Amino acid sequence: MTNSVLQSVSYANGVLKILDQTKIPNVTEFLEITKIEDAWDAIKQLKVRGAPAIGIAAAYGLLLGIKEAPETSFEEFYPFFKYQVDYLATSRPTAVNLFWALKRMDDRAKKEKEVQVSKIKEALENEAHLIRSEDEEVCRTIGEHALKLLKDGMGILTHCNAGGIATARYGTALAPLYLAKEQGWDIKVFADETRPLLQGARLTAWELMQAGIDVTLITDNMAAMVMQKGWVQAVIVGCDRVAANGDVANKIGTYGVALLAKAHNIPFYVAAPMSTIDLETKTGTDIPIEERDAAEITDGFGKRTAPEGVKVFNPAFDVTPHEYITAIITEKGILSGKYQEELPKLFQ
Ligand code: MRU
């Protein structure tokens, strides 16, 4: 699959390199991060964002945190290491990929406990690289599965950015669109602007335009009209956490899009790697929803757009109940409907 989108997270020689997604589309700038605190901050500030990319950045960020860890014994090393794991886990609460990646690193450290600490550090670096490279493979496979649900000539609406820069490569929701392009299909994508941080306008429109995919930017409140006009035949979004019953947390506004899709009889698809499925979280109401600074709403356009002192509610995500989701597409295939039964089977 051709996908020219820049690699948003990488690591070499003790340096975590991150495409600063807060600067796109105006400036393409890579941050070179050498301290765990700066990795934490990059996740918190959405310099690196999108559930899989957050997980990858956390795994690499952990390597920065253990550079100075004692190498005398596992007993000395492990508490130091675990402290850094717990620290990174406080950066953002909703995307389960963060906790999934940190747990994977923790499991690897414990598995290697009999070897020299310097070797444990090497093993952890390999694990972080694996988390990245596997995600690339996973996203490509999700794209192949998702393409089966789409057709040449379709209008497709997406919300937020679940593209190449939100993952190791290709993206989740955008992966089938790259494949469709490669097959010469004529698809028309509608990208919701995605208030308040404009991931749709700044990132999805930018990504798809670079790939030569026909994309039209709309503000979030235009989705209903675009559907009413008959321009959308499918909605596909990414997600931050799938609960055991198939409820899905994704960028704020996704639930509204799902309701609109239902009202217009348009299929609503969620693309999610296995690393985003959290069977420990029973339903959507159990998913922790991040609330962010009021200034993102009141001062988001480089000037004040609301009265001083106004009360603000700024949740970063909402939950779409499973009954609105036509199918969840993972690297293991397409689930359609009986999520409570189907999701655990994926892990068997
Ligand atoms: O706050 P963000 O920009 O990290 O939110 C990202 C999303 O909601 C994405 O849709 C999701 O993480 C999937 S990325 C493949």
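This one's a predicted model, so the numbers in the text were calculated from it and none came from an experiment.

Quick notes on the packing of aromatic side chains
The description of an aromatic ring pair uses the distance of the two centres, along with the angle that the planes make with each other.
Part 1: Enumeration according to the criterion identifies eight aromatic pairs in this entry.
Part 2: Relative to tyrosine 78, the ring of phenylalanine 74 has its centre 5.3 Å away and its plane inclined at 25°; by these criteria the two rings are stacked. One end of the pair, phenylalanine 74, and the other, tyrosine 78, are both in helix α3 (residues 74-88), four residues apart, so they sit about a helical turn from each other.
Part 3: Taking relative accessible area as the criterion, tyrosine 78 reaches 17% and is therefore assigned buried.
Part 4: Geometrically, the ring pair formed by phenylalanine 77 and phenylalanine 81 is stacked, given 5.5 Å between the ring centres and 25° between the ring planes. One end of the pair is phenylalanine 77 and the other is phenylalanine 81, both in helix α3 and four residues apart, which spans about a single turn.
Part 5: Relative accessible area serves as the criterion here: at 0%, phenylalanine 77 is assigned to the buried category.
Part 6: Connected via pairs of aromatic rings, a cluster forms that spans Phe74, Phe77, Tyr78 and Phe81.
Part 7: Over the ring of phenylalanine 30 we find lysine 17, and its NZ or CZ is 5.0 Å from the ring centre.

Some points on the environment of serine 133
Part 1: Among the structural elements, serine 133 can be located in helix α5 (residues 117-147).
Part 2: Its relative accessible area of 33% is what places serine 133 among the partly exposed residues.
Part 3: Each C-alpha atom of the pair serine 133 and aspartate 107 lies 18 Å from the other, and the pair is 26 residues apart in sequence.

Considering empty space enclosed by the protein
Part 1: With the rule as written, the count across this model stands at two cavities of 30 Å³ or more.
Part 2: Taken as a whole, the largest cavity holds about 220 Å³ of empty space.
Part 3: Contributions of two or more residues to the lining of the largest cavity are made by α2 (51-65) and β9 (248-251).
Part 4: Per-element tally for the lining of the largest cavity: the top contributor is α2, with three residues.
Part 5: Volume-wise, the second largest cavity comes out at about 40 Å³.

A few points about the site of the ligand
Part 1: Taken together, 18 residues form the shell around the ligand, and within it Arg49, Ala51, Arg92, Asn250 and Lys251 come nearest.
Part 2: A distance of 2.8 Å separates an oxygen atom of the ligand from a polar atom in the backbone of alanine 51.
Part 3: Here an oxygen atom of the ligand sits 2.6 Å away from a polar atom, N or O, in the side chain of asparagine 250.
Part 4: The site holding the ligand turns out to be the largest cavity.
Part 5: Elements that contribute at least two residues to the shell around the ligand include exactly α2 and β9.
Part 6: Among the residues forming the shell around the ligand, the class breakdown is eight nonpolar, six polar and four charged.

So, the sheet that holds strand β3 (residues 30-33)
Part 1: Taken in spatial order, the three strands line up as β1-β2-β3 in an open sheet, and their pairing is antiparallel. On the outer flanks of this sheet lie β1 (9-12) and β3, each paired with one strand and no other. On average, each strand axis in the sheet is inclined to that of its neighbour by 20°, with strand direction left out of account.
Part 2: Here strand β2 (residues 15-19) pairs with β3 via four bridges, running antiparallel.

Structural notes on the environment of alanine 316
Part 1: Following the sequence through the fold, alanine 316 ends up in the loop between α10 (295-298) and β12 (317-320).
Part 2: Of the residues examined, alanine 316 reaches a relative accessible area of 4% and is grouped as buried.
Part 3: Sequence separation between alanine 316 and asparagine 161 is 155 residues, and the spatial gap between their C-alpha atoms is 13 Å.
Part 4: Those residues within four positions of alanine 316 in sequence are excluded, and the remaining contacts are Arg92, Lys251, Ile252, Glu290 and Arg292.

Re the pairing of β2
Part 1: Bridge count between β1 and β2: four bridges; the pairing is antiparallel. Bridging from a neighbouring strand, valine 9 pairs with isoleucine 18 of β2.
Part 2: Between β1 and β2, which pair antiparallel one after the other, the connecting turn spans two residues, and asparagine 13 there sits at a positive phi close to 50°.

So, helix α7 (residues 199-210)
Part 1: Along its twelve residues, α7 runs 16 Å from first to last C-alpha, staying within 8% of the 16 Å computed at 1.5 Å per residue.
Part 2: Listed as buried for α7 are Gln199, Gly200, Arg202, Leu203, Thr204, Ala205, Trp206, Glu207 and Leu208.
Part 3: In the core, the buried residues of α7 are packed alongside β2, β4 (155-158), α6 (175-182), β5 (188-192), β6 (214-218) and β9.
Part 4: Glycine 212 sits one or two positions beyond α7 and adopts a positive phi of about 75°.

Conventions we followed
- Residues numbered from 1 in each chain as written.
- Predicted model: local features only at pLDDT ≥ 70, side-chain atom pairs only at ≥ 80, totals over all residues.
- Heavy atoms only, no water.
- Phe/Tyr/Trp six-rings, centres within 6.5 Å; stacked < 30°, edge-to-face > 60°.
- Helix = DSSP H or I, 4+ residues; strand = E, 2+ residues; numbered from the N terminus.
- Buried < 20%, exposed > 50% of the residue type's maximum accessible area, 1.4 Å probe, protein only.
- Lys NZ or Arg CZ within 6 Å of the ring centre and 35° of its normal.
- 1 Å grid on protein atoms, 1.4 Å probe; cavity = no way out; pocket = protein on both sides within 12 Å on 5 of 7 lines; lining within 4 Å.
- Points joined across faces, edges and corners; volume = space filled by probe spheres on them.
- Near = heavy atom within 4 Å.
- Polar contact = N/O pair within 3.5 Å; in protein donor to acceptor, adjacent residues only side chain to side chain.
- Sits in = over half its atoms within 2 Å of the grid points.
- Nonpolar A, V, L, I, M, F, W, Y, C, P; charged D, E, K, R; others polar.
- Pairing = 2+ DSSP bridges.
- Axes fitted to C-alpha atoms, helices over the stretch in contact; angles between N-to-C directions.
- Contact = heavy atoms within 4.5 Å.
- Expected span 1.5 Å × (residues − 1).

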